[in-house]
Amino acid sequence: AEDGYDLWLRYAPLEEASYATPRHVMAACSDPSATIDAALDEIDRATQSMLGEALPRADTLQGGTLVLASPECSGMLENLPLPSSYEVGVDGYAIKEIRHSGRQITLISAQSDIGVLYGTFDYLQRMARGQNFTGVNIVSRPKTQLRLLNHWDNLDRHVERGYSGQSIWDWHRLPGYLDPKYTDYARANASIGINGVSLTNVNADATVLTPHYLEKVAALADVFRPYGIKVYLTARFSAPMELDGLPTADPRDPAVQAWWQDKANEIYTYVPDFGGFLVKANSEGQPGPQDYGRSHAEGANMLAAALEPHGGNVMWRAFVYSAEEPEDRVKQAYTEFVPLDGQFADNVLVQVKNGPLDFQPREPFHPLFGAMPETPLMMELQITKEYLGFSTHLAYLGTLWEEVLSAETHATDQRAPVASVIDGTAHDYEITGMAGVANIGSDRNWSGSIFDQANWYAFGRMAWDPDASAEAIARDWAELTFSRAPEVADIITGLMMGSREAVVNYMTPLGLTHLMGTGHHYGPALWVDDLGRADWTPYYYHKAMKDAVGFDRTETGSNAVDQYAGPVAQKWAGQDTVPDELLLWFHRVGWDHELDNGNTVWEELVRRYDLGVSQVEDMQTVWHSLEHEVDAERFEQVSAFLAIQHQEAIWWRDASIAYWQSVNGLPLPEDVAAPA
Ligand code: GCU
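Residues numbered from 1 in each chain as written. Predicted model: local features only at pLDDT ≥ 70, side-chain atom pairs only at ≥ 80, totals over all residues.

Caption draft 1: Focus on the overall build of the protein chain. Counting its secondary structure elements, the protein chain contains 19 helices and 15 strands. A compact globule built from 676 residues would reach a C-alpha radius of gyration of about 26 Å, and the protein chain, at 26 Å, matches this within 12%. (Helix = DSSP H or I, 4+ residues; strand = E, 2+ residues; numbered from the N terminus. Rg over C-alpha atoms; globule rule 2.2 N^0.38 Å.)

Okay, here's the thing in structure tokens:
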């Protein structure tokens, strides 16, 4: 059944095989590793499905053989031209049609077995998209080293901000029962280059660090290992107190340091290639080093010292803000972290959300990107759509991430786009990475909806290449997931490409932000003004009054704009130079403030809400045109979800406009200019 379980690895039957489709497959070694075996299994599975029968295994080289080779796996064939590490790095790969010993072969090769597995997945996905392999010559090398999913999964299987069922980690049945799903999960991740998984919620429970749970963690790590995926855990800073009754968790206390060292040593006895800790500290009530007057760097470095002998890393999150702080919430991370630049140990990365607030439909890029040249910064993206309609609203996030990654920080003499900070080139970072908060749960389709699978897919692709095109990724996904017929793939790609902007339009146009329902973040709550915590209160973010709306983040206000490099700050600080998309994020203006297209702010807001609703209507029309191109099961589910989205886009528009009118007393504009 087309229930979405197979994700983008459906391997739909090919009508006709490419001329250069191989006739047999062999690994260039007699005793392949588990990773090469996984690649061979995937080739079996995929060719069985696409070609009607699995490629036969060859023992000797023949014409038309698909050969898998790496330095570890090359004993059977002499003088294979393996790519240099200069070309492919540790885990990149080359796919080439070559002549070897007088035979025409296709060679998938790398500097490591995992590179070969990545190359195999790429090769099979290209085959699934109907690519012609004649003369194929592909070299791909990831631009980042650590490409992680962050699961916000609790040990009771509730998933924080999860909209696709319960946690897929069935702690109760682990380690005895290894659900085959875990292997499919690993395959899916490896197919897009993801090489790490943090299993547990950042709002951490120290229990996962106890032996009973470490056994379970080890069982998962064993499943993932052949797929090149390392396991990470979230470390609760107060764990020494909670688990072993230490009187303090002060990072300067030698007993605390020793506790973490012992704990790290213990973890590595269970998981010899454990990746390390992800830490949320002194944020939203979580314990941390500041509880003892110590800095984030001191806290991170204590954990880093414990992991260092084993090769593990600390990912220390910069998502910090506090209710007591009088400072504008979007400024706090920069204020706390920039002075610590250069103080973190070598195996620490600071993990920064894409924007300074919290995964909103649109935010400017985080001002820390470009501001910490001595500290490797990872980017954290949210794949699960906490603020973009959970799993029913269709919102392809590739465009959101591309917008952030291509934004120019002007941090160096070059324009230094955010992507160049993340891939390490802007500041010569020694370690690099990207993390995505997973949208995966126990739902049969993994992500809660078919289109949300595209966000998982796009995350992996962009972590591999932060300069990748959101549109090219959407098209690849559409071809793999729905149809390689160009008309169908075009339509679906178009639908995806406009989808996130539609959400921005009906939820938070013109730079408005954080207007969602209290706690759950679903639906509009612009009018909420009395939560007792300004930083969680919608009203605080728009401060609408009779004459004006928006948050002044220029010199006359919080001056958050000053945290950006000169040219960026200058552009955004001017009411006439800031792009309309960020106007009310940085400025407080009159409802009658005139925009470039001639509309007043009030007129433009109303126009954009309307536009958002009509964009969803267009999405419905377009989707309905695919009724005979898409299987009934997925067609119906997407149709039903679009109907929910339509209803809720109207809810957002009408509730928002009614609220603004209750404040500004303005009538609905009659004649609103068409889109610029
Ligand atoms: C958001 C989210 C929380 C989460 C937090 C975080 O605020 O609503 O559920 O814990 O981000 O990233 O730590």
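Caption draft 2: Region of the structure containing the pairing of strand β13 (residues 433-437). Most of β13 is tucked away: five of the five residues are buried. Residues Gly433, Ala435 and Val437 of β13 are buried on one face, and the alternating residues Met434 and Gly436, pointing to the opposite face, are buried as well. Two elements, strand β12 (residues 377-382) and β13, share four bridges in a ladder whose sense is parallel. Bridge pairing in β13 links Gln382 to Val437. (Buried ≥ 20, exposed ≤ 12 C-beta atoms within 10 Å, placed from the backbone. Pairing = 2+ DSSP bridges.)

Caption draft 3: Focus on the domain arrangement of the protein chain. Per the domain assignment, the segments of the protein chain are domain 1 (24-140), domain 2 (146-481) and domain 3 (507-551 + 588-664). Taking only C-alpha atoms, the centre of domain 2 and the centre of domain 3 are 29 Å apart. Each partner contributes residues to the interface: domain 2 has 18 residues there, and domain 3 has 18 residues. For the side of domain 2 that touches domain 3, the per-class residue count stands at nine nonpolar, five polar and four charged. (Domains from an automatic or database assignment. Contact = placed C-beta atoms within 7 Å. Nonpolar A, V, L, I, M, F, W, Y, C, P; charged D, E, K, R; others polar.)

Caption draft 4: Representation of the nonpolar core. Leu68, Val231, Val279, Leu303, Val314 and Leu368 are the most contacted members of the largest nonpolar core, which has 210 residues in total. It is helix α12 (residues 450-464) that provides the largest number of residues to this core, a total of ten residues. Setting aside anything within four residues of it in sequence, one finds Val231 in contact with Val197, Leu199, Val217, Leu220, Ala221, Phe224, Val271, Phe274 and Gly275. (Core = buried A, V, L, I, M, F, W, Y, C linked by C-beta atoms within 7 Å.)

Caption draft 5: Representation of the environment of Val116 in the model. Mapped onto the secondary structure, Val116 falls in helix α3 (residues 113-128). Along the backbone, Val116 and Ala69 are 47 residues apart, and their C-alpha atoms lie at a distance of 6.9 Å. If we skip the residues at most four places from it in the chain, Val116 touches Ile36, Ala39, Leu68, Ser70, Tyr93, Ile108, Ser109 and Ala110.

Caption draft 6: View of the UniProt feature "domain: Glycosyl hydrolase family 67 catalytic" (unreviewed entry) in the protein chain. Taking the UniProt record as the reference, the feature "domain: Glycosyl hydrolase family 67 catalytic" (unreviewed entry) is found at residues 127-446. Helix makes up 26% of residues 127-446 and strand 13%, whereas the separation of the span's terminal C-alpha atoms amounts to 24 Å. (UniProt positions renumbered as here; feature names shortened; annotations may be inferred.)

Caption draft 7: Quick peek at helix α19 (residues 632-664). Helix length check: α19 (33 residues) gives 47 Å between terminal C-alpha atoms against 48 Å at 1.5 Å per residue, within 8%. Arg634, Val638, Phe641, Leu642, Gln645, Glu648, Ala649, Trp652, Arg653, Ser656 and Trp660 are the residues of α19 that are buried. Buried residues belonging to α19 abut α12, α14 (486-507) and α18 (601-624). Immediately downstream of α19, the backbone of Gly665 shows phi near 65 degrees, a positive value. (Expected span 1.5 Å × (residues − 1).)

Caption draft 8: Representation of unusual backbone geometry in the model. A cis geometry characterises the amide bond from Leu174 onward to Pro175, with omega recorded as -5 degrees. Assignment of secondary structure puts Pro175 in the loop between β6 (146-150) and α4 (180-191). With a phi close to 55 degrees, Leu7 is a non-glycine residue in the positive phi region. Topologically, Leu7 is positioned in the segment before β1 (24-27). Even without glycine at this site, Asn559 takes up a positive phi of about 60 degrees. By the element assignment, Asn559 lies in the loop between β14 (548-549) and α16 (566-573). Taking the number of C-beta atoms within 10 Å as the measure of exposure, Asn559 has 15 and is therefore partly exposed.

Caption draft 9: Representation of the environment of Val350 in the model. Secondary-structure assignment places Val350 in strand β11 (residues 348-353). On the basis of neighbour counts, which here come to 23 C-beta atoms within 10 Å, the residue Val350 falls in the buried class. Residues Val350 and Arg461, spaced 111 residues apart in sequence, show a C-alpha to C-alpha distance of 21 Å.

Caption draft 10: Inspection of the sheet that holds β1 at higher detail. Pairing in this open sheet of five strands is mixed, and the strands run β1-β2-β4-β3-β5 from one edge to the other. Edge positions in the open sheet fall to β1 and β5 (137-140), since each of these has one partner strand only. With direction set aside, neighbouring strand axes in the sheet form an average angle of 25 degrees. As judged from the four bridges shared by strand β3 (residues 93-100) and β5, these two strands associate in the antiparallel manner. Looking at β5, one finds that Ala94 is bridged to Val139. Against the sheet, helix α1 (residues 34-51) makes contact with β1 and β2 (65-69), and its axis sits at roughly 175 degrees relative to β1, the strand it touches most. Packed onto the sheet, α3 meets β2, β3, β4 (103-110) and β5 and runs at close to 120 degrees relative to β4. (Axes fitted to C-alpha atoms, helices over the stretch in contact; angles between N-to-C directions.)

Caption draft 11: Here's a closer look at the sheet that holds strand β7 (residues 196-198). Strand order around the closed barrel formed by eight strands is β6-β7-β8-β9-β10-β11-β12-β13, with parallel pairing between neighbours. Taking each pair of neighbouring strands and ignoring which way they run, the sheet shows an average axis angle of 25 degrees. Two elements, β11 and β12, share four bridges in a ladder whose sense is parallel. Residue Lys353 lies in a different strand from β12, and its bridge partner there is Glu380. α12 rests against β6, β12 and β13 of the sheet, and its axis sits at about 155 degrees to β6.

Caption draft 12: View of the pairing of strand β9 (residues 276-279). Where strand β8 (residues 230-234) and β9 come together, three bridges link them in parallel fashion. Paired with Leu233 across the two strands is Phe277, which belongs to β9. The sheet contact formed by β9 and strand β10 (residues 313-317) spans four bridges and is parallel. Across the sheet, Val279 pairs through a bridge with Trp316, a residue of β10.

Caption draft 13: Helix α5 (residues 211-224), seen in detail. Given a rise of 1.5 Å per residue, 14 residues ought to cover 20 Å, and the 20 Å separating the end C-alpha atoms of α5 matches this to within 8%. Buried residues of α5: Tyr213, Leu214, Lys216, Val217, Leu220, Ala221 and Phe224, and no others. Axial view of α5: buried residues confined to an arc of 160 degrees, hence all on one face. Turned more than 90 degrees away from the buried face of α5, the exposed residues are Pro211 and His212. Those residues of α5 hidden inside the fold are in contact with α4, β7, β8 and α7 (254-270). (Arc of directions from axis to C-beta.)

Caption draft 14: The arrangement of the packing of α14 against α18 in detail. Between α14 and α18, whose axes approach to 8 Å, the crossing angle comes to 155 degrees. The orientation of α14 relative to α18 falls into the category roughly antiparallel. Between α14 and α18 lies a crossing whose hand is left-handed. Taken together, the residues of α18 that come into contact with α14 (itself represented by Ile491, Leu495, Gly498, Ser499, Ala502, Asn505 and Tyr506) are Arg608, Tyr609, Leu611, Gly612, Val613, Gln615, Val616, Met619, Val622 and Trp623. The residue makeup of the contact of α14 with α18, split by class, is eleven nonpolar, five polar and one charged. (Parallel < 35°, antiparallel > 145°, perpendicular 65-115°, else oblique. Left-handed = near helix turned anticlockwise from the far one by under 90°.)

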